Number of protein chains: 2
Amino acid sequence: MNNEKIPYKIYLSEQEMPKAWYNLRADMKVKPAPLLSPKTLKPITLEELSEVFCEELAKQEIDENTAYFPIPDEIRNFYKMYRPSPLVRAYCLEEKLQTPAHIYYKFEGNNTSGSHKLNSAIAQAYYAKKQGLKGVTTETGAGQWGTALSMACSYFGLDCKVYMVKCSYKQKPFRREVMRTYGANVTPSPSDQTEIGKKILQEFPGTNGSLGCAISEAVETASKLDGYRYVLGSVLNQVLLHQTIIGLETKAALDKYDIKPDIVIGCAGGGSNLGGLIAPFVGDKIKNGTDVRIIAVEPASCPSLTRGKYAYDYCDTGNVCPLQKMYTLGSGFIPAASHAGGLRYHGMSSILSQLYHDGLMEATSVKQTEVFEAAEFFARVEGTLPAPESAHAIKVAIDEALKCKQTGESKNIVFGLTGTGYFDMMSYQKFHDGVMSDYIPTDEEIKIALDKLPDINV
Amino acid sequence: MNNEKIPYKIYLSEQEMPKAWYNLRADMKVKPAPLLSPKTLKPITLEELSEVFCEELAKQEIDENTAYFPIPDEIRNFYKMYRPSPLVRAYCLEEKLQTPAHIYYKFEGNNTSGSHKLNSAIAQAYYAKKQGLKGVTTETGAGQWGTALSMACSYFGLDCKVYMVKCSYKQKPFRREVMRTYGANVTPSPSDQTEIGKKILQEFPGTNGSLGCAISEAVETASKLDGYRYVLGSVLNQVLLHQTIIGLETKAALDKYDIKPDIVIGCAGGGSNLGGLIAPFVGDKIKNGTDVRIIAVEPASCPSLTRGKYAYDYCDTGNVCPLQKMYTLGSGFIPAASHAGGLRYHGMSSILSQLYHDGLMEATSVKQTEVFEAAEFFARVEGTLPAPESAHAIKVAIDEALKCKQTGESKNIVFGLTGTGYFDMMSYQKFHDGVMSDYIPTDEEIKIALDKLPDINV
């Protein structure tokens, strides 16, 4: 037992930083269902997957038995430039709420990409470089992933081609300029550089694009260029694996002060941050029966866990990527325009879907306006202005802390603060001006999208 | 001697954080000349100064004998939310430059205001609150100071009225929204809320404003409202005092690993960051004769130290604030539009001016385009995307490291990285698009402004 007063921020030393990523699947009693090839609709082989991803990443994607993957030195050295991230004791928030709860948050925003995305971007760029590739392609919506990948590619001298959804390209010129600063080639999507882009432009000349279309353009470009691969920033097992650096650091920091979390909360879009944050705590729960609640928070506008179906579905709108079994609203589901772009995904990581299905994780959904209320409240009390995505977790953490106030329980609440909102001020402006919508899809809308799930589920 | 390998980032523990600010004037053999009242042109009294500033701050402003001012607990607790800031060993930069120099930078950008300005904002807000004031007024150009003050006022429940230069208000809507998130009242200047604003609007209906005008509006508003004071984010002795937290932390971190800096570099606008960073090192130099070079870096477009005159001048364009003896280009000097808004100030802190005058500090100036080249290079190598202001120090640090490469010397170079450039992407865009100007004032332009210095100097 460490009796020292818990500081505002717990930093691990470099020596204490995790040396391996943790593959939760190795400890799961029920493993997630395998990925299916979009061509054969049969479990995808390592060979097939290696056509899409770098070999090492394809191996990580499929491996459900190796519990720990050592983090290569090159990646650890990059991590040292912006990690360990602080585990913050939210003393001011606790006092403001007058709660007996102890609130902690793991803050991933202290790097130029502004979010946790960099943790996987640097790993994916490293393996691409190691395989001798020339570059990678990807899509970006809100821009966090594109920024992170630009930084990672710049570090390893890889070319980086980003297809940015046209409306974001126009509305978020600053994100675009950050990517350019890191030497990335940023193209508004749809573009006339690809067949699919040309086709869409012909059909819908004035379109502002969509994530589905940008993915298709990025995949097409990678397949046509020699020495390129397409990379993804969420959903995949490999991404969750790299993101376990978040949870492992969090657990090490808590262990240092002998703190046992009662509740661990994270926002969930594709699941990369949440999966990374909770992995070691869920592993503990499975192996040692520890009593910890895990809560996934999703936007009410895109409620894959709370209102979706557990079924095989395509990961992308264009149906070119592998299928996975997951909680999904249907790959044809178009979420309402919301200001948490990073959570606008129709499905959910297969690992998280399985955990939810098995009762190892809870899920809840929150509305946009209450999320921004929590975000602004948090900014004023704790200083840091959060990303709208991260604020979903803040909202539920505050709710849980207020429950503790009623019951008098002094629970340890830990949540993931995935990033800062510096590039989301247009959303905050809408909130300040009182013109933010709280659209929630109707049962009918969800049913229509779910009715189009692929036949494989029948 | 600590033989442990120096980590990428040196963090002090909470216990190691400075408990007092350091007043360098107490150790200076030649003290800076006293402030003069703009009404009497005689040394300003504490009573006169207390009409403008909070009492405690007025005392700090004038006191040239007390070496240490204890930091009140309330401020220390706020500091703990975002400090200590890391002292980073720039391993990647050293390798990229292939220099034997060891490069360190003190990074002040890991807070929502994005810069070091918060260090003094929280102190000024605290003393205002302690004195029972209702609120404060200020001006902001680029927006860093306004953001920092908004955060500080929000924390202590003070009203905050910010006059934001109209062109920034329009061009930097996101900065404005950050301030609104913290509850500040942001008014584009000139406005019709003040006499001076109305007058200027009548004379120049389409004007985009100026810092001088915004200062005048803020001062007028403070003087007309009961329980309000005007506050400033740079230049003043009190601000440099609060900013010594930067230098004290830097020195403590270096001492921990027994590192003696050979060169300390900082960008200089009004001088708040530089003054704070160098204070303990200059103190050492004066008291113990340590051999350390101190370099102030200013923009070639606004070269107060390198091309200005050491004379009494007004601190503001409107000539309502006290006069101080400083290196100045004349309070009527209008610097060319540049992208380092924080360095566009006609004068320089009187402490720094005296140090420069006495040969205790060097100064150099750099051009805008080479600054952005250094900024982009740094971003790609070290990850962090710097503010244009901070990049002035980067440019000179790189130059010094390259000199070491030639001589084979393994000097310890320390520089201040005052903030991030997340709200400066429009400037980066101009750099990427190759449309950035490198205007340098002519001798004639400087002479004209200097000819208008107040008569007191005759």
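Everything numeric in this text was worked out from a predicted model, so none of it was measured.

About the criteria used
- Residues numbered from 1 in each chain as written.
- Chains lettered and ligands numbered in written order.
- Predicted model: local features only at pLDDT ≥ 70, side-chain atom pairs only at ≥ 80, totals over all residues.
- Heavy atoms only, no water.
- Helix = DSSP H or I, 4+ residues; strand = E, 2+ residues; numbered from the N terminus.
- Buried < 20%, exposed > 50% of the residue type's maximum accessible area, 1.4 Å probe, protein only.
- Polar contact = N/O pair within 3.5 Å; in protein donor to acceptor, adjacent residues only side chain to side chain.
- Pairing = 2+ DSSP bridges.
- Axes fitted to C-alpha atoms, helices over the stretch in contact; angles between N-to-C directions.
- Contact = heavy atoms within 4.5 Å.
- Buried area = accessible area lost by both parts, 1.4 Å probe.
- Salt bridge = Lys/Arg side-chain N within 4 Å of Asp/Glu carboxyl O.
- Arc of directions from axis to C-beta.
- pLDDT = per-residue confidence, 0-100.

### Comments concerning the side chain of Lys172(B)
All names here are of chain B.
- With respect to the helices and strands, Lys 172 occurs in the loop between helix H7 (166–171) and helix H8 (173–181).
- On the basis of relative accessible area, Lys 172 is assigned to the buried category, the value being 18%.
- There is a polar contact of 3.5 Å between the side chain of Lys 172 and the backbone oxygen of Ala 142.

### Quick word on the sheet that holds strand S9 (residues 228–230) of chain B
All names here are of chain B.
- Spatial strand order, S8-S7-S6-S9: four strands in an open sheet with parallel pairing. Bordering the open sheet on either side are strand S8 (185–189) and S9, each of which pairs with just one other strand. Strand after strand, the sheet turns through a mean of 20 degrees between neighbouring axes, direction not considered.
- Where strand S6 (residues 135–140) and strand S7 (residues 159–165) come together, six bridges link them in parallel fashion. Paired with Gly 135 across the bridge in S7 is Asp 159.

### Quick word on the interface of chain B and chain A
- Taken together, the contact pairs 44 residues of chain B with 44 residues of chain A.
- Counting each side, the surface lost to burial between chain B and chain A is near 4100 Å², with a carbon and sulfur contribution of 56%.
- Inspection of the region where chain B meets chain A yields two salt bridges.
- For the pair chain B and chain A, the number of links is 22 residue pairs in polar contact (both at pLDDT 80 or more).
- Mapped by element, the contributors of at least two residues to the side of chain B that touches chain A are helix H3 (73–82), helix H6 (144–156), H8, helix H15 (368–382) and helix H17 (425–432) of chain B.

### Topic: H17(B)
- Three or more residues of H17(B) are buried, namely Met425(B), Ser427(B), Tyr428(B) and Phe431(B). Viewed along the axis of H17(B), the buried residues span an arc of 150 degrees, placing them on a single side of the element.
- Those residues of H17(B) that are buried lie in contact with helix H8 (173–181) of chain A together with H15 of chain B.

### Some words on the confidence of the model for chain A
- Averaged over every residue, the pLDDT of chain A is 94; the share at 70 or more is 99%.
- For this predicted complex, the interface confidence reaches an ipTM of 0.93, while the overall pTM sits at 0.95.

### Focus on the pattern of salt bridges
- Applying the stated criterion across every chain yields a total of 46 salt bridges over all chains.
- One salt bridge connects Arg89(A) with Glu94(A), and the closest N-O pair in it is separated by 2.7 Å. Each member of the pair, Arg89(A) as well as Glu94(A), carries the same accessibility label: buried.
- With its nearest N and O atoms 2.9 Å apart, the salt bridge here joins Arg83(B) to Glu249(B). Remark: Glu249(B) occurs in helix H11 (residues 237–256) and Arg83(B) occurs in the loop between H3 and strand S4 (87–89); sequence separation between them is 166 residues.
- A relative accessible area of 1% places Arg83(B) in the buried class.
- It is possible to trace a salt-bridge network through shared partners that takes in Arg83(A), Lys106(A), Glu108(A) and Glu249(A).

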